[in-house]
Amino acid sequence: MRRPSPRPRAAARRWSLLAALLLALAVGTAAGQTALVVNGVTVDGSTTSLVKGTSYAPAAALASALGARYFTDADTTVATLQLGGHVLEAVIATDPSKASAAGALRLDGTAIGGPAGVMQDGDVYLPVKQVAEALGGHVAYLQQQKTVVVVQPRAQLTGLTAQGSGSSQQLVLQLSAPVGFSRFYNQPVTTLQLHFDRTDLQGGLSGVQGDSFVRADASSSGDGVDVRVQLAPHTDYRLYSLPDGNGFRVVVSFTPASAAQQTAPHIVIDPGHGGQDPGINFPGYGSEASLTLAFSQQLQKILEGRGFQVTLTRTGDYSVDAATRSRDGIGADLFVSIHGSVLPPGQFNAYYLSDASSVGSLSMAIRQNAQSAVQGQDVSALRRKILLGLVPQLDVGRSFADGLGTQLFQNGGYRASDTGGAPLYVLGGAAGRGVMLEFSPQDLASDTLAAALAGALANLLASGGATQ
Ligand SMILES: [Zn+2]
């Protein structure tokens, strides 16, 4: 049989490319702007009018086209993109003429050249070239078509290995380029599923068996690769990603779900402020520093009476820096930081450690961190660790904060006014096992709160922090 001539097909392909470029041109000229195509998909809304000669695109759409997670803090001062074990942060300028400030773009905490993000009519815009290149993309400008073209390499899953042995064994996935991935944990069948976008499976790679997990299998799925991990019974997992060469590694580590408690749980109580830092002055009740210390000592006595091992980060009226307080929390079963706040009696706020990506508590964290004289770079390093999943047991703090809302209401009628996650530096040492509580001065000075809180903490520790 005669093979069909390749000509018509090549011509058709050339024609469709031309059509795509004409379409891009039409889109670009209609808005008086350049067009943007990322990995073959048109991203609407790109513009060079914010900062002359620099191509900007709406942040959320750009991040999505690049496969990156995108979020901003509550006050929209920093835009964060996360992809392939990297964290890219862009300061958001409200005045485009100030967008070229030094240090406006940071990759993994290190400043990279490039202008800031820009806020325009309530939308955040990011500089296309610098953001795309930082996340592994190649950028070209087609002058005639007035089109910016971004292409990220597809990734290959090149490794699926069990490293180490016994209960400290980890499953390590090796990807050759930064690509987005999603995860789904199917609780009833204890299966963790990961889907990697724009990824191919390296030939010969299939499954692996482990000591701390049953097995892991990889298969092609649509445009990407699925990895299915069968967990051993009664096992928790933790997942984080790390940059590695041009690509990244995803590490899944496993821990027994309920390690038996050998000794009495150790609770660290952190009375806020002290010494040169009196905190808030509450007329009629004194300083926040004196209120939190007296309350913490009362709480300590009650908890010790219930058999807990209790340590205070400060036992008198002197200054303790945030790093020391935070270090005291290392290894604790629970770290409770106590503060006063201008709240009606009977109300309290409970915060846990998180990146504050979806709650309005980052400004509270900035205030608390600033009061403790914590440097911005330390907070940003902590935040990066949280974002990359390097802080274990984050859900413990969350479930304690949520659980306290229930317990303190049942056990004294206290209402949680605000509960949320925030990158609170002082909670860093305890990793996920920390909460920061703010009470009214009336409640801190009362006889009833310490007993109610001790009861709630004991119940939550007994149930592993579970809400019910
Ligand atoms: Zn305070």
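Shown above is the structure to which this text applies.
Parameters and conventions
The numbers attached to residues start from 1 for each chain and follow its sequence in the written order. The model is predicted, so local features are restricted to residues of pLDDT at least 70 and side-chain atom pairs to those at 80 or more, both for listing and for counting; the totals for chains, interfaces and linings are taken over all residues. Excluding hydrogens and water, the side-chain figures rest on all heavy atoms present in the structure. Only DSSP runs of H or I covering at least 4 residues are called helices, and only runs of E covering at least 2 are called strands; the numbering of each starts at the N terminus. The classification of residues rests on relative accessible area computed with a 1.4 Å probe and restricted to protein chains. Under 20% of the type maximum is buried, over 50% is exposed, and intermediate values are partly exposed. Every residue pair with non-hydrogen atoms within 4.5 Å of one another is taken to be in contact. To measure how exposed things are, a 1.4 Å probe is used in the Shrake-Rupley method; for residues, cover is taken only from the protein chains shown. Here a donor is any nitrogen, oxygen or sulfur atom (N, O, S) within 2.8 Å of the metal, with 3.2 Å used for Na, K and Ca; water is not among the atoms considered, so some sites may look incomplete. The length a helix should cover is 1.5 Å for every residue beyond the first. For two strands to pair, DSSP has to find at least two bridges joining them. Interaxial angles span 0 to 180 degrees and are taken between N-to-C directions of axes, which are lines fitted to C-alpha atoms, for helices over the stretch in contact. Only centres within 6.5 Å qualify two rings of Phe, Tyr or Trp (six-membered ring in Trp) as a pair; their planes then separate them into stacked at under 30 degrees, edge-to-face at over 60, and tilted for everything else.

A. Representation of the overall build of the protein. Helix and strand counts for the protein come out as 10 helices and 30 strands. Expressed as a percentage of its 468 residues, the buried residues of the protein come to 48%. Look at the contacts in the protein between residues 6 or more apart in sequence, and 65% of them connect residues 24 or more apart. Summing over all exposed atoms, the protein offers an accessible surface of approximately 21500 Å²; the carbon and sulfur share of this is 51%.

B. Quick peek at the coordination of the zinc ion. On the protein side, the zinc ion has His273 (NE2), Glu288 (OE) and His339 (ND1) as donor atoms, found 2.0 to 2.1 Å from it. In primary sequence terms, the donor set of the zinc ion follows H-x14-E-x50-H. Highlighted residues: His273 in the loop between β23 (266-271) and β24 (281-282) and Glu288 in helix α4 (residues 288-305), separated in sequence by 15 residues. Overall, the relative accessible area of 2% leaves Glu288 in the buried class.

C. Representation of the environment of Leu437. Residue placement: Leu437 occurs in strand β30 (residues 434-439). By relative accessible area, which is 0% here, Leu437 ends up buried. Separated by 97 residues in sequence, Leu437 and Gly340 have C-alpha atoms that sit 8.2 Å apart. When sequence neighbours within four positions are dropped, the list of residues in contact with Leu437 reads Val336, Ser337, Ile338, His339, Asn349, Ala350, Leu404 and Leu453.

D. Quick peek at α4. Compared with the 26 Å implied by 1.5 Å per residue over 18 residues, the 26 Å span of α4 between its first and last C-alpha is a close match. Those residues of α4 that sit buried are Glu288, Ala289, Leu291, Thr292, Leu293, Phe295, Ser296, Leu299, Gln300 and Leu303. Of the residues trailing α4, Gly307 is marked for its positive phi of about 95°.

E. Spatial organisation of the sheet that holds β23. Ordered in space as β26-β23-β27-β30-β28-β29, the 6 strands form an open sheet in which the pairing is mixed. Bordering the open sheet on either side are β26 (309-312) and β29 (415-422), each of which pairs with just one other strand. Adjacent strand axes in the sheet meet at a mean angle of 20° when their direction is disregarded. Relative to strand β27 (residues 334-340), β23 runs parallel, the two sharing 5 bridges.

F. Region of interest: the packing of aromatic side chains. If you walk through the whole model with that rule in mind, you get 6 aromatic pairs. Here the aromatic rings of Tyr185 and Tyr237 are separated by 5.3 Å at their centres, their planes lie at 50°, and the arrangement is tilted. Of this pair, Tyr185 sits in strand β15 (residues 181-186) while Tyr237 sits in strand β21 (residues 235-244); the two residues are 52 residues apart in sequence, bridging distant segments of the chain. Given a relative accessible area of 26%, Tyr185 falls into the partly exposed group. Between Phe295 and Phe439 the ring centres are 6.0 Å apart and the planes differ by 45°, which places this aromatic pair in the tilted class. Of this pair, Phe295 sits in helix α4 while Phe439 sits in strand β30, and the two are 144 residues apart along the sequence. Of the residues examined, Phe295 reaches a relative accessible area of 1% and is grouped as buried. Aromatic rings pair up to connect Phe181, Phe196 and Phe248 into one cluster.

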